[in-house]
Amino acid sequence: MMFIVLEGIDGGGKTTQAARLGEWMSGLLGRDMVLVTKEPGGWPGGDAIRRLALGGNLSSAWGEFFLFMADRCEHVSSVIAPALQKGVCVICDRYTPSTLAYQVLSNPSIGSGAADYMTGMGEAIGLPRPDCVCLLDIGADMARRRLVARGKLNSFDARGRDYFERVRVAYDVLMKRSPGGWIKVDASKDENAVFEELKRGLERMFGTRLGGNAA
Ligand code: TYD
């Protein structure tokens, strides 16, 4: 059982890399043994909560926080936990580090003091802990240029450069707090180079659990 999470600011290529990792791991483990999913909204019925969370009409930072947490509870209970229980490897595009980085550490109206509270809440709920968090690190300016080129600025993406720089720093803080379980790659490189780096990192981390071909 492997639970792998991809993280980073918008525009770092997480979705592309999640799909490529899914293909690669399906080749190693078998198609039925790999599941690629995402947050927010990666569960049946999750579209409505995704629209609400990303719609930009919320006035309360805590309201936003609890929406992402509620989305995660449903996602875990209906998608992630059943897959992990069957021994399926789950690759998830965003998970708890996103809420910690975007809602908690980068948002002054919640503040870093709530990080322990959120971690305690995750434990009380029984949210599974990722075996590995892959951090796709990229500067806010380059990430923004990519999003504009894709025509994909949602309300979060429109929050501006300073916010995304704060989120980027927040990810580094989170990584330093949990050494061992994180792989950080330079996501400003081209897609193939990033993929190769991710693969090497996962091979180092999981070794034979990735099947016969792994180091
Ligand atoms: P994402 O689905 O990665 O964007 P895309 O539209 O490119 O697929 O993420 C949507 C946004 O949601 C992103 O700006 C980050 C934000 N987000 C949070 O702020 N907190 C969270 O807990 C999660 C899961 C996402």
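Each remark here, short or long, concerns the structure printed above.
As the structure is a prediction and not an experimental result, all values here were calculated from the model.

Undergrad: What am I meant to see in the nonpolar core here?
TA: Across soluble globular proteins, nonpolar side chains show a tendency to be buried alongside one another. Met-25, Val-104 and Leu-202 are the most contacted members of the largest nonpolar core, which has 59 residues in total. Broken down by element, this core gets its largest block of residues, 7 residues, from helix α3 (residues 61-85). Dropping the residues within four chain positions of it, Leu-202 is found in contact with Ile-4, Leu-21, Trp-24, Cys-132, Cys-134, Ile-183, Gly-207 and Leu-210.

Undergrad: Can you walk me through the pattern of salt bridges in this structure?
TA: Applying the stated rule across the entire model yields 12 salt bridges. Ionic pairing is found between Glu-197 and Lys-189, a salt bridge with its closest N-O pair at 3.1 Å. Residue class for Glu-197 comes out buried when judged on its relative accessible area of 19%. Look at Lys-189 and you get partly exposed, because its relative accessible area is 38%. Across the pair Glu-196 and Lys-199 runs a salt bridge, and its minimum N-O distance is 3.5 Å. Linking Glu-196 with Lys-199, this pair stays in helix α8 (residues 191-206), spanning 3 residues, or about one helical turn. In this structure Glu-196 comes out as partly exposed when scored by relative accessible area, which is 36%. Assessed through its relative accessible area of 17%, Lys-199 is described here as buried. Salt bridges linked by common partners bring Glu-7, Asp-10 and Arg-94 together as one network.

Undergrad: Please clarify how the environment of Asn-154 should be interpreted in this entry.
TA: One can find Asn-154 in the loop between α6 (140-150) and α7 (161-177). Separated by 131 residues in sequence, Asn-154 and Glu-23 place their C-alpha atoms 27 Å apart. Those residues in contact with Asn-154, other than ones at most four positions away along the chain, are Asp-10 and Leu-54.

Undergrad: How do you make sense of a nonpolar patch on the surface when you look at a structure like this?
TA: A surface patch of nonpolar side chains, amounting to about 290 Å² of accessible area, comprises Trp-62, Phe-66 and Tyr-117. Tracing the chain through its elements places Trp-62 in helix α3.

Undergrad: So what exactly am I meant to see when it comes to α3 here?
TA: For α3, spanning 25 residues, the distance from its first C-alpha to its last is 33 Å, which sits close to the expected 36 Å at 1.5 Å a residue. Along its length, α3 shows its largest kink, about 50°, at Val-76. Of the residues that open α3, the one with a side-chain oxygen 3.2 Å from the backbone nitrogen of Trp-62 is Ser-60. Of the residues one or two after α3, Gly-87 is the one with positive phi, at around 85°.

Undergrad: I keep staring at the packing of aromatic side chains and nothing clicks. Help me out?
TA: Each aromatic ring pair is specified by the distance between its two centres and by the angle formed by the two planes. Summed over all chains, the structure comprises 9 aromatic pairs. Ring centres of Tyr-102 and Phe-164 lie 6.4 Å apart, and the angle between their planes is 80°; on these two criteria the pair is classed as edge-to-face. Separated by 62 residues along the polypeptide, Tyr-102 in helix α4 (residues 96-105) and Phe-164 in helix α7 bring together distant segments of the chain. Phe-164 shares its class with Tyr-102; the two are buried. Residues Tyr-102 and Tyr-171 carry aromatic rings whose centres are separated by 6.5 Å and whose planes lie at 80° to one another, so their mutual orientation is edge-to-face. With a gap of 69 residues between them, Tyr-102 in helix α4 and Tyr-171 in helix α7 connect regions that are remote in the sequence. Comparing Tyr-102 with Tyr-171, the two get one shared label, buried. Geometry around Tyr-95 places Arg-72 over its ring, the cationic atom sitting 5.5 Å from the centre. Over the aromatic face of Tyr-163 sits the side chain of Arg-159, whose NZ or CZ is 4.9 Å from the ring centroid.

Undergrad: Help me out: how do you make sense of the side chain of Glu-7 in this one?
TA: With respect to the helices, strands and loops of the structure, Glu-7 is situated in strand β1 (residues 3-7). Residues within four places of Glu-7 in sequence aside, it is in contact with Lys-14, Arg-94, Tyr-95, Pro-97, Ser-98, Val-133, Cys-134, Leu-135, Leu-136 and Tyr-171.

Undergrad: Mind showing me how you'd approach the sheet that holds strand β5 (residues 182-186) here?
TA: Strands pair in a sheet through their backbones, by hydrogen bonds, and they do so in one of two ways: parallel or antiparallel. Pairing within the open sheet is parallel, and its 5 strands lie in the order β2-β3-β1-β4-β5. Pairing within the sheet leaves two strands with one partner each, and these edge strands are β2 (34-38) and β5. Taken over all neighbouring pairs, the strand axes of this sheet differ in orientation by 20° on average, direction set aside. Both strand β4 (residues 132-137) and β5 contribute to a ladder of 5 bridges, which runs parallel. Looking at the pairing, Asp-137 lines up with Asp-186 of β5. Sitting on the sheet, α7 is in contact with β1, β4 and β5, with an inclination near 145° to β5. Together, β1, β4 and β5 form the strand contacts of α8, whose direction differs from that of β5 by roughly 160°.

Here is what the cut-offs are and how they apply
Residues numbered from 1 in each chain as written. Predicted model: local features only at pLDDT ≥ 70, side-chain atom pairs only at ≥ 80, totals over all residues. Heavy atoms only, no water. Core = buried A, V, L, I, M, F, W, Y, C linked by side-chain atoms within 4.5 Å. Buried < 20%, exposed > 50% of the residue type's maximum accessible area, 1.4 Å probe, protein only. Helix = DSSP H or I, 4+ residues; strand = E, 2+ residues; numbered from the N terminus. Contact = heavy atoms within 4.5 Å. Salt bridge = Lys/Arg side-chain N within 4 Å of Asp/Glu carboxyl O. Patch = residues over 30% accessible without salt bridge, like charges linked within 9 Å, V, L, I, M, F, W, Y side chains within 5 Å. Areas by Shrake-Rupley, 256 points an atom, 1.4 Å probe, with all protein chains shown as cover. Expected span 1.5 Å × (residues − 1). Bend = angle between axes of the 7 residues up to and from the residue. Polar contact = N/O pair within 3.5 Å; in protein donor to acceptor, adjacent residues only side chain to side chain. Phe/Tyr/Trp six-rings, centres within 6.5 Å; stacked < 30°, edge-to-face > 60°. Lys NZ or Arg CZ within 6 Å of the ring centre and 35° of its normal. Pairing = 2+ DSSP bridges. Axes fitted to C-alpha atoms, helices over the stretch in contact; angles between N-to-C directions.

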